[in-house]
Amino acid sequence: MFVLAHISDIHLGPLPKVTRRQLFSKRITGFVNFRRTRTNSDQPEITTTLIDYLKSLNPDHTVITGDLINLGLQLEIDKAAEWLENLGDSADTTLVLGNHDAYVPGARDKAMAAWQKWICGDDKATISSEKDYPILRRRGEISIIGCNSARASAPFLATGYFKKHQAKKLEALLKTERAAGQCCVVLIHHPPHKDATARYKRLINSERFRKVIASAGAELILHGHTHLDTLAYLEGPDKKVPVVCVPAAYQWAGGRKPAAGVNLIRISKKLDEWSIDLERHGLEGISEITFHCLSKQIF
């Protein structure tokens, strides 16, 4: 059995000091939104407790589906690198970037450089743009495949992108890995299924992603971005493929969206068929920061 932990949308806080010059860009909207929605949250303690709880679950591997930071500032990028180091060996954590990691032009390139150990594949090839995706990390019979949907977008937009070259490479990789009997887990920040989020936050060219899955298949798709505990399905060549999201790692109980959570995914093989058990762990109540197993589901 292989145990995979999934967290997303860390949005590490508090924000560093921001100069007026730095705010003279799209960052002003993110700065205002952060201050408006999270001033009264206990985000740092929630995230710290979540990570301690995640480690107590003893997963074989942890995946993070983007948005470690908020405004694409260099100080945020450096702080996130330190945070990733504290998670443990980079070989045991795979990261794909989100739209906040690429919030303004140039931010994504800096983040990729600083977080290289967690975003590269087993071949250790340098990841410097979306042209270097998808990446592959094999862990026994589990193939963890990271895609990129992160690119700087215009103010008031949080869209993602999935281009032709990445679709072509993903399809070939999935067909190769599945033909070898591997269990393929695909990571992407933006949700790839229809009507998953508002138009201004959608994955542009998501139909390309869906066509790849319809042709090549996968065992599981994990994403972030919406901060929700959702489950959807995409059509595959032989069966429907579950698409799972996890609540943001900073969210406090009692808000509009589900409280912070971690998904624990147990993958095993029975009679040449992959069995995937999903456990959702999250905060319960608003009086204390304590995580519990909330639900279980088998695919």
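Scroll up to find the structure this text is about.
Keep in mind that this is a model prediction, so the values were computed, not measured.

Undergrad: An account of the packing of helix α3 (residues 43–56) against helix α4 (residues 74–87) is needed here, citing residue identities and associated values.
TA: Where α3 meets α4, the closest approach of the two axes is 11 Å, and the angle between their N-to-C directions is 25°. For the element pair α3 / α4, the angle class is roughly parallel. Relative to α4, the crossing made by α3 is right-handed. Here α3 contributes T47, I51 and K55 to the contact with α4, which in turn contributes W83, N86 and L87.

Undergrad: Mind laying out empty space enclosed by the protein, listing which residues take part and the relevant values?
TA: The tally for this structure, following the rule as stated, stands at 1 cavity of 30 Å³ or more. Counted as a void, the largest cavity has a volume near 50 Å³. R108, E130, N148, S149, A150, R151, Y161, F162, K163, H165 and Q166 are the residues that line the largest cavity. Here the lining of the largest cavity is composed, by residue class, of 3 nonpolar, 4 polar and 4 charged.

Undergrad: Just give me the short version of helix α7 (residues 164–179), but keep the residues and values in it.
TA: Along an α-helix, a turn takes 3.6 residues, which lines up residues three or four apart on a common side. In a regular helix each residue adds 1.5 Å, so 16 residues correspond to 22 Å; α7 covers 23 Å between its end C-alpha atoms and thus fits that length. Within the span of α7, buried status applies to Q166, A167, L170, L173, L174, E177 and R178. Considered in projection along α7, the buried side chains sweep an arc of 135° and stay on one side of the axis. Opposite its buried face, α7 presents the exposed residues K164, K168 and A179, each directed more than 90 degrees away. Summarising the contacts, the buried residues of α7 are in contact with β4 (135–139), β5 (142–146), β7 (183–187) and α8 (206–216). A positive phi of about 85° marks G181, the residue just after α7.

Undergrad: Give a description of the environment of F299 that names residues and reports values.
TA: Position of F299 among the secondary structure elements: in the segment after β14 (291–298). F299 gets classed as partly exposed once you look at its relative accessible area, which sits at 26%. F299 sits 149 residues away from A150 along the chain, and the two C-alpha atoms are 29 Å apart.

Undergrad: Please set out the packing of aromatic side chains residue by residue, giving values where relevant.
TA: Within the structure shown, the criterion is met by 3 aromatic pairs. Aromatic side chains Y53 and F291 sit 5.6 Å apart centroid to centroid with 25° between the ring planes, which places their arrangement in the stacked category. With Y53 in helix α3 and F291 in strand β14, the pair connects residues that are 238 residues apart, well separated along the chain. Classification of Y53 as buried rests on a relative accessible area of 18%. Relative to W252, the ring of Y250 has its centre 6.4 Å away and its plane inclined at 45°; by these criteria the two rings are tilted. A relative accessible area of 29% places W252 in the partly exposed class. Residue placement shows R151 over the ring face of Y161; its charged tip is 3.9 Å from the ring centre.

Undergrad: Describe the pairing of strand β9 (residues 220–223), with residues and values.
TA: Neither face of β9 is left uncovered, since the one carrying L220 and L222 and the one carrying I221 and H223 both have all their residues buried. Inspection of the sheet shows β7 paired to β9 by 3 bridges, in the parallel sense. Along β9, the bridge assignment pairs V185 with L220. In terms of strand pairing, β9 meets strand β11 (residues 241–245) through 3 bridges, oriented parallel. By the bridge assignment for β11, H223 is matched with C245.

Undergrad: Can you explain the nonpolar core? Please cite residues and give values.
TA: By size, the foremost hydrophobic cluster in this structure holds 40 residues, and its most contacted members are I7, I64, L68, W83, L84 and W115. For this core, the element with the most residues is α4, which contributes 6 residues. If we skip the residues at most four places from it in the chain, I64 touches I7, I10, W83, L84, L87, T93, T94, L95 and V96. Core analysis: the second largest hydrophobic core is formed by 21 residues, C147, C184, I188 and A216 among them.

Here is what the cut-offs are and how they apply
- Residues numbered from 1 in each chain as written.
- Predicted model: local features only at pLDDT ≥ 70, side-chain atom pairs only at ≥ 80, totals over all residues.
- Heavy atoms only, no water.
- Axes fitted to C-alpha atoms, helices over the stretch in contact; angles between N-to-C directions.
- Helix = DSSP H or I, 4+ residues; strand = E, 2+ residues; numbered from the N terminus.
- Parallel < 35°, antiparallel > 145°, perpendicular 65-115°, else oblique.
- Left-handed = near helix turned anticlockwise from the far one by under 90°.
- Contact = heavy atoms within 4.5 Å.
- 1 Å grid on protein atoms, 1.4 Å probe; cavity = no way out; pocket = protein on both sides within 12 Å on 5 of 7 lines; lining within 4 Å.
- Points joined across faces, edges and corners; volume = space filled by probe spheres on them.
- Nonpolar A, V, L, I, M, F, W, Y, C, P; charged D, E, K, R; others polar.
- Expected span 1.5 Å × (residues − 1).
- Buried < 20%, exposed > 50% of the residue type's maximum accessible area, 1.4 Å probe, protein only.
- Arc of directions from axis to C-beta.
- Phe/Tyr/Trp six-rings, centres within 6.5 Å; stacked < 30°, edge-to-face > 60°.
- Lys NZ or Arg CZ within 6 Å of the ring centre and 35° of its normal.
- Pairing = 2+ DSSP bridges.
- Core = buried A, V, L, I, M, F, W, Y, C linked by side-chain atoms within 4.5 Å.

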